[in-house]
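Secondary and tertiary structure notes
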Amino acid sequence: MVSAVVESWRTKTHTFHFLHGETTITLQDVTLQLGLKIDKLLVTGIIIDDVHVACQALLGDTAPDKYIKGKIIYLSWLRKFF
């Protein structure tokens, strides 16, 4: 089934093409699949300062060094604690 869905993906329009028409993945679809909550403010942007400081300011907690690479916070830590 996954192979059939992948084959129906149209890269030019970023949609899936099915017999009933075209469809795309929405933010709501992603939240249902991954179990993410989208009921609060969006956190996005560029971290200029230390990632630990930004993490503490935005999330109220700091990820251990093993979950940080450069300015990237691994999703495994976010999933585990949020």
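This text gives an overview of the structure that appears in the document.

Parameters at a glance
Residues numbered from 1 in each chain as written. Predicted model: local features only at pLDDT ≥ 70, side-chain atom pairs only at ≥ 80, totals over all residues. Heavy atoms only, no water. Buried < 20%, exposed > 50% of the residue type's maximum accessible area, 1.4 Å probe, protein only. Helix = DSSP H or I, 4+ residues; strand = E, 2+ residues; numbered from the N terminus. Arc of directions from axis to C-beta. Contact = heavy atoms within 4.5 Å. Patch = residues over 30% accessible without salt bridge, like charges linked within 9 Å, V, L, I, M, F, W, Y side chains within 5 Å. Areas by Shrake-Rupley, 256 points an atom, 1.4 Å probe, with all protein chains shown as cover. Salt bridge = Lys/Arg side-chain N within 4 Å of Asp/Glu carboxyl O. Phe/Tyr/Trp six-rings, centres within 6.5 Å; stacked < 30°, edge-to-face > 60°. Core = buried A, V, L, I, M, F, W, Y, C linked by side-chain atoms within 4.5 Å. Pairing = 2+ DSSP bridges.

**Re helix 3 (residues 51-59)**
When helix 3 is considered as a whole, its buried residues turn out to be V51, A54 and C55. What you see down the axis of helix 3 is that its buried residues fit within an arc of 100°, all on one side. Looking at the packing, one finds that the buried side of helix 3 touches strand 4 (68-69), strand 5 (72-73) and helix 4 (75-81). Note on helix 3: the residue one or two positions beyond its end, G60, has a positive phi of about 80°.

**Description of a nonpolar patch on the surface**
A contiguous nonpolar surface patch, about 660 Å² in accessible area, is contributed by W9, I25, L27, V30, L34, L36 and I38. With 3 residues, helix 2 (residues 27-34) is the largest single contributor of residues to the nonpolar patch. Considering the arrangement of structural elements, one finds L34 in helix 2.

**Concerning the packing of aromatic side chains**
Considering all chains together, one arrives at 2 aromatic pairs under this definition. Judged by centre distance (6.0 Å) and plane angle (20°), the rings of F16 and F18 are stacked. An angle of 45° between the planes, with centres 5.8 Å apart, marks the rings of W77 and F81 as tilted. Highlighted residues: W77 and F81, both in helix 4, separated by 4 residues, approximately one helical turn. Residue F81 is classed as partly exposed on the basis of its relative accessible area, which comes to 46%.

**Considering the nonpolar core**
One finds V51, C55, A63, Y67, I68 and W77 forming the largest nonpolar core, which totals 6 residues. With residues up to four places along the chain from it excluded, the contact list for C55 reads G60, D61, T62, A63, I73 and W77.

**Quick notes on the environment of D49**
Mapping D49 onto the fold places it in the loop between helix 2 and helix 3. Using a relative accessible area of 54% as the deciding quantity, one classes D49 as exposed. Separated by 40 residues in the primary sequence, D49 and W9 have C-alpha atoms spaced 39 Å apart.

**Points about the sheet that holds strand 1 (residues 9-10)**
Strand order across the open sheet formed by 3 strands is 1-2-3, with antiparallel pairing between neighbours. A strand with exactly one partner marks an edge of an open sheet, and here the two such strands are strand 1 and strand 3 (21-23). Looking at chain direction, strand 2 (residues 15-18) and strand 3 are connected through 3 bridges and run antiparallel. Bridge pairing in strand 3 links H17 to E22.

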